[in-house]
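Structure at a glance
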Amino acid sequence: MVKKLFEIDLTKRMEQQKHPGHNRWHPDIPAAFAVNPGEAFRMECQEWTDGQIGNNDSAEDIRTVNLNRVHVLSGPVHVNGAEPGDLLVVDILDIGTFLEHEWGFNGIFAKENGGSFLVDHYPEAAKSIWDFEGIFATSRHIPGIKFAGLIHPGIVGVAPSHEMLAEWNKREKELVDSNPNRVPPLANLPNPDQVVAGTLKGEAFDKVAKEGARTVPPRENGGNCDIKNLSKGSRIYFPVFVDGAKLSVGDLHFSQGDGEITFCGGIEIPGWIELKVDVIKGGAKTHSIQRNPAFQPGPVMPNYNEYLVFQGISVNELTGKQEYLDANTAYRNACLNAIEYMKTLGYTGEQAYMILSTAPVQGNIGGIVDIPNACCTLSLPKAIFDKDIIPKLDK
Ligand code: ZN
């Protein structure tokens, strides 16, 4: 029996929970619990918006969601004996949904409030609700699709040091300053609105609210990596930057396509995750895992082996401009090509877009050296559709 460390009441907001979590990265956020190396424990997690999205047929809550609230995380957990320079080893033993919450959501964020990967093509908010039956997901908003989920945490990470946090805030501000009026913004800078910082109060809280890094991007501490294969059975190696490592987790997804392209996001759920931690003393240096985490995927994966694969190249689809080996543009074109194809199967563009963000689609880089075009691919599993989706020969 693993012990339950962090409990979530789905009717309460994060600061009202028995153990309030946090929604910024900052080394001063106090640990909620301490564990010993070798210990296993269960963390319950609220979904990333802290309960702002409803199980209904309107996208109004996606359009008006308060993104200063995200992501609400469970933790931090202090790992006894972990020090800067060590490697924190985190095993994801198991992960699941709550019995009283067998549904999740996906949404396309509006251009003015978050935006998404294909924002120039899909600027309006949209939402799909997904219902779970065991390991399978279906949506009343997207007929003819059913797939097995590969549940994973969108976010798992450790606290940055003060120096690292200052570096994050500096480099991200420089990026925003290069085009400060852009919609959506180039990055989300610290914002004191809606901050939750564990049990901190007074001046210590104000400092975190002012400096705390937003949880939106992945960084050196892991964080919002949204790696769909980082699921049950995976083992992650984190470089440790502060005493106790201060491990946090949240933003669980029932399933997600590579890239999480609608931004909101995979199939977003509250749920629970069982973790086990260990420490390799001085391991960041001896294994040279110092700049970013590394991981071993687990052995559990949906068995989809047949795909229809769409290519994309790095030519801007709006301007016709030749770009140089740009994988972002190439993957965007691969996604757009898949969406145009799915429209011939009867889906709207928005439905097809949400399929790519939720189903176990594979994104890959084909070539990244053949100047001037990168080639990226988007692989659509045939078996998630209730009909044959392959082009037919004329007879
Ligand atoms: Zn998410």
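Computed from a prediction, not measured in an experiment: that's the story for all the values here. (Residues numbered from 1 in each chain as written. Predicted model: local features only at pLDDT ≥ 70, side-chain atom pairs only at ≥ 80, totals over all residues. Heavy atoms only, no water.)

A look at the side chain of Asn 113
Inspection of the secondary structure puts Asn 113 in the loop between β6 (103-108) and β7 (126-133). A distance of 2.8 Å separates a polar atom in the side chain of Asn 113 from the backbone oxygen of Val 65. Contacts of Asn 113, omitting those with residues within four sequence positions, involve Ile 62, Arg 63, Thr 64, Val 65 and Leu 67. (Helix = DSSP H or I, 4+ residues; strand = E, 2+ residues; numbered from the N terminus. Polar contact = N/O pair within 3.5 Å; in protein donor to acceptor, adjacent residues only side chain to side chain. Contact = heavy atoms within 4.5 Å.)

Digging into the coordination of the zinc ion
Summarising the metal site, the zinc ion is bound by the protein donors Asp 251 (OD), Asp 251 (OD), His 253 (NE2), Glu 268 (OE) and Glu 268 (OE), whose distances to it range over 2.0 to 2.8 Å. Sequence spacing among the residues donating to the zinc ion works out to D-x1-H-x14-E. One end of the pair, Asp 251, is in strand β14 (residues 247-253); the other, Glu 268, is in strand β15 (residues 263-268), with 17 residues separating them in the sequence. Both residues of the pair, Asp 251 and Glu 268, belong to the buried class. (Donors = N, O, S within 2.8 Å, 3.2 Å for Na, K, Ca; no water. Buried < 20%, exposed > 50% of the residue type's maximum accessible area, 1.4 Å probe, protein only.)

Examining the pairing of strand β5 (residues 87-96)
Among the ten residues in β5, eight count as buried, and that is most of the element. As judged from the five bridges shared by β5 and strand β13 (residues 235-239), these two strands associate in the antiparallel manner. Note on β13: the bridge partner recorded for Leu 87 is Pro 239. Here nine bridges tie β5 to strand β16 (residues 271-280), and the two strands are oriented antiparallel to one another. (Pairing = 2+ DSSP bridges.)

Some words on the environment of Gly 212
Examined against the element boundaries, Gly 212 turns out to sit in the loop between α3 (202-211) and β11 (218-219). Spatially, the C-alpha atom of Gly 212 lies 8.8 Å from that of Val 195, the residues being 17 residues apart in sequence. If near-sequence neighbours (up to four positions away) are discounted, Gly 212 is found in contact with Arg 24, Trp 25, His 26, Pro 190 and Lys 207.

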